[in-house]
Amino acid sequence: NLNRDLQSYGRFFAPDPATRSVSTIGGVLGLNLAGSHWSRYGSAREKVLSLQVVLGNGEVVRVDSASGAAGSGPGATESPAWMAIEDRMRQLLATQQKVIADNCPLSPTNQAGYNLFDLVSPKQPSPDLTRLLVGSEGTLALITEARLRIDPIPLNRGVSLLFFDSFDAAVRYGVELVSAGEIHACDLLDRRLLTLARESHLESAELIPPNAEAMLLVEQQAASDSELRSAMEQLRQRATRRKRGAIAVQSASNAELRNQFWRLTRHVIPTLYQLRGVRRAMPFVEACGVAPVRLPLFFQRVHGILNQFEVTAATFSHVPQGLVQIFPFLDPNSSDDQRMMSRLALSLTELVTEMKGSISAAFGDGLSRTWLLKRQYGPLYNSFVEVKNIFDPQHLFNPGVIVDQPQRGLTDQMRKIRLPVADGENGQPSAAETALPVLQPELHWEPVDVLAAAKNCNGCARCRTQSPGQRMCPVFRVAPREEASPRAKANLMRGVLTGQLPLESVSKDEFRAVADLCFNCHQCRIECPAKVDIPRLMTEARGQHVAVNGLKLN
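The following paragraphs examine the structure supplied in this document. Just so it is clear, the model here is predicted, and its values are computed rather than measured.

**Details of the overall build of the protein**
What the protein contains, in helices and strands, is 23 helices and 14 strands. By the compact-globule yardstick of 24 Å for 554 residues, the protein fits well, its C-alpha radius of gyration being 25 Å. When the backbone C-alpha atoms are referred to their principal axes, the protein occupies close to 70 × 65 × 50 Å. Looking at the protein as a whole, 51% of its 554 residues qualify as buried. Counting contacts in the protein only where the partners sit at least 6 residues apart, residues at least 24 apart contribute 73% of the total.

Rendered as structure tokens:
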């Protein structure tokens, strides 16, 4: 929405996460998101001029960036509480300088823990705390306002799809392109993602050669159209003439085809969740990063670890950032696979730490990676605890993330997706499960089918888009609150079916009110990457409500 408003001025806010159609500015700042164009524009942290934040004591302060616009300098609103925070942070950075330097990851982007690595410089000895707050996942203060730097919209952009018959060849060429510094984006997709894109996106099917093992999406920008076309042609020639080079190249400089190429990469990952079967893409190690030059070796080692665990996975990479997203296919209902998730996460963390990388190179730590931070940072983790105590001594903000998390396993907070009827290990119901009544569907399907429809929603929030270029829930567009979104309705049915909500919930007016926010237009089902059938789920929900309460005359 922001960029649509800025378009008439020829400007835009440059960070572009793949979920930009549903990402909020608060989310982008909270996670310091960047996206495919990081090498050209940097991350959200570089775009902040000042922040207005609420501290744990309720005080509102304004924090200026040291790299802000003319007239705004370092520091903050005159506030005793903020001045104390700034003074204590200055002391922490001074006393822990060596520990911080020794544990700084070599990956170009890093969202693991708190950013203590570039808050001061010889030119700016006072700490720039906007660079700490951006990316702190809402654990230090509440951002209520941001003044942001915007960039001119590039006029001449071209996108090339380079297809390879070897994954390793694609990785190595991507690293070469990044080292040469001639490109503005470079994304890598493996064979599994290409197969999925070919099968689920008809507009992409004819673009992807059947023997392609990997693809690089490369964007170039230039001062003029002729310079752009020349650069794209040079890229094509170099890519195809080299040994183990590209087997096919597709190029586009017009907006329509260029956007089609970008949709191929940005929309394919959510379609992982429409795959049928008990094994599902499990995104618990999907944001690690290393120095780009180490990507070929890193991928070799990752594939070795996956083979060791006998696990299949899909992989995606922002090559300039050294960012690697790994999506292992596991059965979340299997106790063996749940235990394997923790062992696999530990093995990959050891590899990332060995290569001086980051276990959270893009998306933050959250609840799924906070438990690994001590393994990556060692003694520096104690400084993260001190930062939390400096900003939020009462530990009010987003507890359990980055610090404070109790000793719990990776899978302890997994969303339940099993019917409360029988244990999948031995086929016998547990004592707790036998006490739970089972919902009997009103439509012609079994409870397990209802749950399968609900669990296909992975919460990606694509259904919250307000983009005019997409058909999506008209109710949410009019009243953009969470309960109006299609994913909320999937969560509602999953909660009832798994026992997280009492079965009596179906008789409540609140339950029916959410179900009535769907009027069966099927726009969400058509646009959903996972093809979740929300209309049918809500017809079932209304049927359950009527079965209990009957129909009223009015």
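So, next bit.
**Looking at the packing of aromatic side chains**
For the coordinates displayed, the defined rule picks out nine aromatic pairs. On the numbers, 6.0 Å between centres and 70 degrees between planes, the contact of Trp 82 with Phe 391 is edge-to-face. Of this pair, Trp 82 sits in helix α4 (residues 80-95) while Phe 391 sits in helix α16 (residues 381-391), and the two are 309 residues apart along the sequence. You can call Trp 82 buried: its relative accessible area is 1%. Aromatic side chains Tyr 377 and Phe 384 sit 5.0 Å apart centroid to centroid with 85 degrees between the ring planes, which places their arrangement in the edge-to-face category. Looking at Phe 384, the relative accessible area reads 0%, which means it is buried. Of the aromatic side chains, those joined through ring pairs into one cluster are Tyr 114, Phe 117, Tyr 377, Tyr 381 and Phe 384. Between Arg 266 and the ring centre of Trp 262, over which it is positioned, the NZ or CZ distance is 4.4 Å.

**Details of the state of the cysteines**
Going through the model one piece at a time under the given rule, you end up with zero disulfides. The thiol of Cys 186 is unpaired, and the distance to the nearest cysteine sulfur, on Cys 288, comes to 17 Å. Cys 186 gets classed as buried once you look at its relative accessible area, which sits at 0%. When its relative accessible area of 5% is taken as the criterion, Cys 288 is described as buried.

**Structural notes on helix α13 (residues 335-354)**
A rise of 1.5 Å per residue sets the reference length of α13, with its 20 residues, at 28 Å; its end C-alpha atoms lie 29 Å apart and thus fit the reference within 8%. Taken residue by residue, α13 has Asp 337, Met 340, Met 341, Leu 344, Ala 345, Leu 348, Thr 349, Leu 351 and Val 352 as its buried positions. With a side-chain oxygen positioned 3.3 Å from the backbone nitrogen of Asp 336, the residue opening α13 is Ser 334. Looking at the residues trailing α13, positive phi occurs at Lys 356, about 55 degrees.

**Side note on the environment of Leu 380**
By the secondary structure assignment, Leu 380 is in the loop between α15 (373-377) and α16. Measuring from C-alpha to C-alpha, the distance between Leu 380 and Leu 193 comes to 37 Å, with 187 residues separating the pair along the chain. Residues contacting Leu 380, with those up to four places away along its chain left out, are Val 99, Ile 100, Asn 103, Leu 116 and Phe 117.

Each value, and the rule that gives it
Residues numbered from 1 in each chain as written. Predicted model: local features only at pLDDT ≥ 70, side-chain atom pairs only at ≥ 80, totals over all residues. Heavy atoms only, no water. Helix = DSSP H or I, 4+ residues; strand = E, 2+ residues; numbered from the N terminus. Rg over C-alpha atoms; globule rule 2.2 N^0.38 Å. Buried < 20%, exposed > 50% of the residue type's maximum accessible area, 1.4 Å probe, protein only. Contact = heavy atoms within 4.5 Å. Phe/Tyr/Trp six-rings, centres within 6.5 Å; stacked < 30°, edge-to-face > 60°. Lys NZ or Arg CZ within 6 Å of the ring centre and 35° of its normal. Disulfide = S-S within 2.5 Å. Expected span 1.5 Å × (residues − 1). Polar contact = N/O pair within 3.5 Å; in protein donor to acceptor, adjacent residues only side chain to side chain.

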